[in-house]
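Observations on chain architecture
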Amino acid sequence: MIVDSQWRSLIYQLSEEHKNCLMLNFIIQRISDSGYQNEIASLSTASTYFRVFNKVLFDSLADLVTLDEISFRQQLDEFKKSCCQHQHTYLYAQATIQNLIKNNPQKAYNLKRISQELELEATKKNKIAQRISLMMSNISQYPLISSSITSLLMSNTTTTGDIIKLYNEYTKAQPPPVDFLRYPNLLELLLSDLFCPGKVIQSVHKSKWIYLVTYSVCINSINNEKDNNVFKEITRAIEIVHNICQSNPLGSELQSVVGTLKDHLDFPIISMGIMQWIKHNLTDTTNLSSYNTLCVPIYLDFLRDICLRHPLHRSVVLNILVSHFEVEAQDLESLAILEMRKNVIDNIVYLFGCGYVIPVLDTVESWAPKIDPSLTRYFINQVLDIIEPPYSQSFMDKMKSIIKIINPFGESTKLEPSVQSFLDQCKNQLILNNNNNNNNNNNNNNNNNNNNNNNNNNNNNNNNNNNNNNNNNNNNSSTKTSTKRNNSEIYNNEDEQVF
């Protein structure tokens, strides 16, 4: 049962439905001992027994630190589900990761990313998770930093007093470690204050916000050194873009500053700030009708540019597009909303074409049951125009799932020719893959048979040689025995003659 994948799948399903069943929990332990930890990473029963959870944790961490961004995103959800099942599993996972960060500096950034993702997931259930993460660091050695950052994170708003305290500490000759400024939620608060229209920062203290943001991205976390030229360049870029975003230009005014904004877009921190500004405007329902005609094309052009310049920002771009797609615009007519959403789909397909494939398909799959079927068909046709075989198995599964939502009964007469052609290509590729797998299995079996035959022949030859040697030994023994017997007979005959 453990070796068979279908049996294991059934056991996983039953263990999720019957979490207190001792027999199923015992089988899960046996499955983990047999080397299938990756399969049970997302099961709630994986965190029930420490030995199982410990194997899952270390195997998952070993995989996550080596993955690219898309594969990382795909496996991260299961990892977070396993670690955040209980309070003790979360604490153990975070303590283990912090220990690995100290002992493996070459993997520190990847491990910090995993730790922050776990913290964000746990914070959704209870904000105390942020305080726990701070306690696990050495921030307690810096009381002023600890109190200010804790206050900012727990309240999810900035105050001038806390910003001044942080600024005073980080302008000292021996400043605290820069890692404390790199908490994702803290950086998001600072960027929101600087780039979202309507956020009021006293002009006297604005430079302190800019200094903290610049310091967080320019300082080498190993030796706390900074390049003064780069520091000044980023500071100047933030000031220029901040002024533009706070003025929130429209129409021709916006078109006149596009070049200035794009000149500074190569800085990742500027890219994140501009995305804060764009998200604010694309989700602002009060002015969406005017934005839709005057500014939205420019905003979407910025997002496409960011996709090309900063691949790691593609997840943020997708989230902005999703928020814009799902916004409820009360003052827009149905046709205008449909056109707006079709425009979003065009940009999601662009994101798909940049290589961000599976997250885009997951998004559309979640939309398909709820949105106008014409939008789903539009997405499918747009995708089919830019792809060609061969396809990965995960891609085929996702696309067929989306197609099935708009055509649940699989009626080929209701499918467009391009969709039917895609399904035929998938079917042919599946048959070809199965044939190749069968051929590989046959080749492996033939090789195994040949090896077995060779082994049998060698064994037979060895046995024959051993038999021949044994026969020769027996013949020699017989000769010696007969010789001894003859000699004894001679001796006996001589004895008889003597007597």
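As a convention, each chain's residues are numbered from 1 in the sequence order in which they are written. With the structure being a predicted model, the display of local features is reserved for residues of pLDDT at least 70 and the display and counting of side-chain atom pairs for 80 or more, all residues being used for whole-chain, interface and lining totals. Hydrogens are left out, water is left out, and the side-chain values use all remaining heavy atoms of the structure.

1. Describing the packing of helix 8 (residues 143-155) against helix 9 (residues 160-170)
Lines are fitted to the C-alpha atoms to define the axes, a helix being fitted only along its stretch in contact, and any angle between axes, read from their N-to-C directions, falls within 0 to 180 degrees. Numbered from the N terminus, helices here are DSSP runs of H or I no shorter than four residues, and strands are runs of E no shorter than two. It is at 9 Å that the axes of helix 8 and helix 9 come closest, and there the two elements cross at 145°. The chirality of how helix 8 crosses helix 9 is left-handed. In this structure, helix 8 uses Leu144, Ile145, Ser148, Ile149, Ser151 and Leu152 to contact helix 9, whose residues at the interface are Asp162, Ile163, Lys165, Leu166, Glu169 and Tyr170. Gly falls in the polar group here, along with every residue not listed as nonpolar (Ala, Val, Leu, Ile, Met, Phe, Trp, Tyr, Cys, Pro) or charged (Asp, Glu, Lys, Arg). In terms of residue class, the contact of helix 8 with helix 9 is made up of seven nonpolar, two polar and three charged. For any helix crossing, the convention is left-handed if the near helix is rotated counterclockwise from the far helix by under a right angle, and right-handed if that rotation is clockwise. Should any heavy atoms of two residues lie within 4.5 Å, those residues are considered in contact.

2. Structural notes on the packing of aromatic side chains
Geometry of aromatic contacts follows a simple scheme: Phe, Tyr and Trp rings, the Trp one being its six-membered ring, pair when their centres are within 6.5 Å, and the pair is stacked under 30 degrees between planes, edge-to-face over 60, tilted otherwise. Within the structure shown, the criterion is met by 13 aromatic pairs. Look at Tyr167 and Tyr211: their rings are 5.3 Å apart centre to centre, the planes differ by 80°, and that puts the pair in the edge-to-face class. Highlighted residues: Tyr167 in helix 9 and Tyr211 in helix 11 (residues 206-218), separated in sequence by 44 residues. A simple rule labels every residue: compare its accessible area, found with a 1.4 Å probe on the protein chains alone, to the largest value its type can have, and call it buried under 20%, exposed over 50%, or partly exposed in between. With a relative accessible area of 24%, Tyr167 lands in the partly exposed category. In this structure Tyr211 comes out as buried when scored by relative accessible area, which is 15%. Relative to Trp367, the ring of Phe325 has its centre 3.9 Å away and its plane inclined at 15°; by these criteria the two rings are stacked. With Phe325 in helix 17 (residues 314-326) and Trp367 in helix 19 (residues 357-367), this residue pair connects regions lying 42 residues apart in the sequence. A relative accessible area of 3% places Trp367 in the buried class. Chaining the aromatic ring pairs together yields one cluster made of Tyr167, Tyr170, Tyr211, Tyr215 and Phe231. Counting as a charge over the ring demands two things of the Lys NZ or Arg CZ atom: a distance within 6 Å of the ring centre and an angle within 35 degrees of the ring normal. The ring of Tyr109 carries the charged tip of Lys112 above its face, separated from the ring centre by 5.6 Å.

Geometric descriptors of this kind do not, in isolation, establish any biological role.
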